[in-house]
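Here's the letter readout for the chains.
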Amino acid sequence: MAQQPGRTVFDPMVRKQEEDKRFEMTSTQYLDKYRVTKYMQDAVSLIIEYKCMCTYAYIYAYVENPLKFLSDYFKSVVDGTNVLHRSFRYVNSTPRNRKSFIRQFYSLYKHINSDEELTVDSFHELLTLMCSDFPYSLVRNASRITMEVKDFPQKVNFRDFSLKIFILFFFSEFMNQSALSFRTIDKKSTGKVEVSGFLERLRYIVNKSPKFSHPGISVLEEVLNNSAKNKFVMFNEFCVKLFLHPNMAKALESSPSHRDLKATLGEFAQMIHKTAPVPRSNP
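First, a word on scope: everything that follows refers to the structure included in this document. These figures come from a predicted structure and were not determined experimentally. (Residues numbered from 1 in each chain as written. Predicted model: local features only at pLDDT ≥ 70, side-chain atom pairs only at ≥ 80, totals over all residues. Heavy atoms only, no water.)

Turning our eyes to something else, we now look at the overall build of the protein. For the protein, the count of helices and strands is 16 helices and four strands. Relative to its 283 residues, the protein shows a buried fraction of 36%. (Helix = DSSP H or I, 4+ residues; strand = E, 2+ residues; numbered from the N terminus. Buried < 20%, exposed > 50% of the residue type's maximum accessible area, 1.4 Å probe, protein only.)

And the structure:
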């Protein structure tokens, strides 16, 4: 769910609310919300897989010490490196994995100028270097989110196109259900529907499906109320306006990892220590 503007995990009120929610959960609800069971199943399957291919010393060490493997595995989950060179099924399996993949993408390709233009195929190749079976269909669909009527684009802007792809990727279930609802309302295939009816369907999708990521109701209302000068809206028009909303880009951002936060605080403490005035002793 998209975070409210100006509210972050560093806001004491937000942290208190999140803590209260966690303490109110049962153990089953906690495991389900944070997909802990999924990660445990994946870790165990990797241990079994490694046991079958125990040819390298470091793999043998993991097999002999599964607790060390589990420790390293969950450390990689926290750091976000667990998604590198894994199948798309795994990368796509949890919201945390999706955010980690997005963060790793921008970290690995930080040398690329944000305004550089690439072909759609070249952009897909960048993704497959991280995830070999990253679906081309997702890249193709992102290229079609435009108000302009034109053929398949020859070149795309790195910054703008990556944002489109990752919004589609992170909110994939919501976007798929939104498209299905739009087609259901548009019974005569006119390509446009009433704003009020479409917004009602979107509210239903958000309220009935709390398990997948989705924009906030306030964001959807703002987008649709500003989408059209009349009471009708096209689906592409809705997508373009939604993807341009600042809260959508914010929803893709990950909180800093514990390691990064600790390093930053350490640097800050050193800076304070160096700049602090040296106390003078009384004569």
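Now that the structure is up, let's keep going.
Attention now goes to the nonpolar core. Core analysis: the largest hydrophobic core is formed by 56 residues, its most contacted members being Phe101, Ile165, Phe174, Phe238 and Leu242. The leading source of residues in this core is helix 10 (residues 158-170), at eight residues. Filtering out sequence-adjacent residues up to four positions away, Phe174 remains in contact with Leu202, Ile205, Val206, Phe212, Ser213, His214, Pro215, Leu220 and Leu242. Core analysis: the next-biggest nonpolar cluster, separate from the first, contains eight residues, Tyr39, Ala43, Leu46 and Tyr73 among them. (Core = buried A, V, L, I, M, F, W, Y, C linked by side-chain atoms within 4.5 Å. Contact = heavy atoms within 4.5 Å.)

What follows is about the side chain of Asn157. Looking at the element boundaries, Asn157 is found in strand 2 (residues 156-157). A polar side-chain atom of Asn157 sits 3.0 Å from the main-chain amide nitrogen of Asp160. Once residues within four sequence positions are removed from consideration, Asn157 is found in contact with Ser114, Asp115, Glu116 and Ser162. (Polar contact = N/O pair within 3.5 Å; in protein donor to acceptor, adjacent residues only side chain to side chain.)

In this section: the packing of helix 9 (residues 136-143) against helix 10. The description of two helices packed together rests on the angle between their axes and the distance between the axes. Relative to each other, helix 9 and helix 10 sit at 120°, their axes nearing to 9 Å. Relative to helix 10, the element helix 9 is oriented oblique. Two packed elements cross with a definite hand, and for helix 9 against helix 10 that hand is right-handed. For the pair formed by helix 9 and helix 10, the contact residues are Leu138, Val139, Asn141, Ala142 and Ser143 on the first element and Phe161, Lys164, Ile165, Leu168 and Phe169 on the second. Its residues placed into classes, the contact of helix 9 with helix 10 shows seven nonpolar, two polar and one charged. (Axes fitted to C-alpha atoms, helices over the stretch in contact; angles between N-to-C directions. Parallel < 35°, antiparallel > 145°, perpendicular 65-115°, else oblique. Left-handed = near helix turned anticlockwise from the far one by under 90°. Nonpolar A, V, L, I, M, F, W, Y, C, P; charged D, E, K, R; others polar.)

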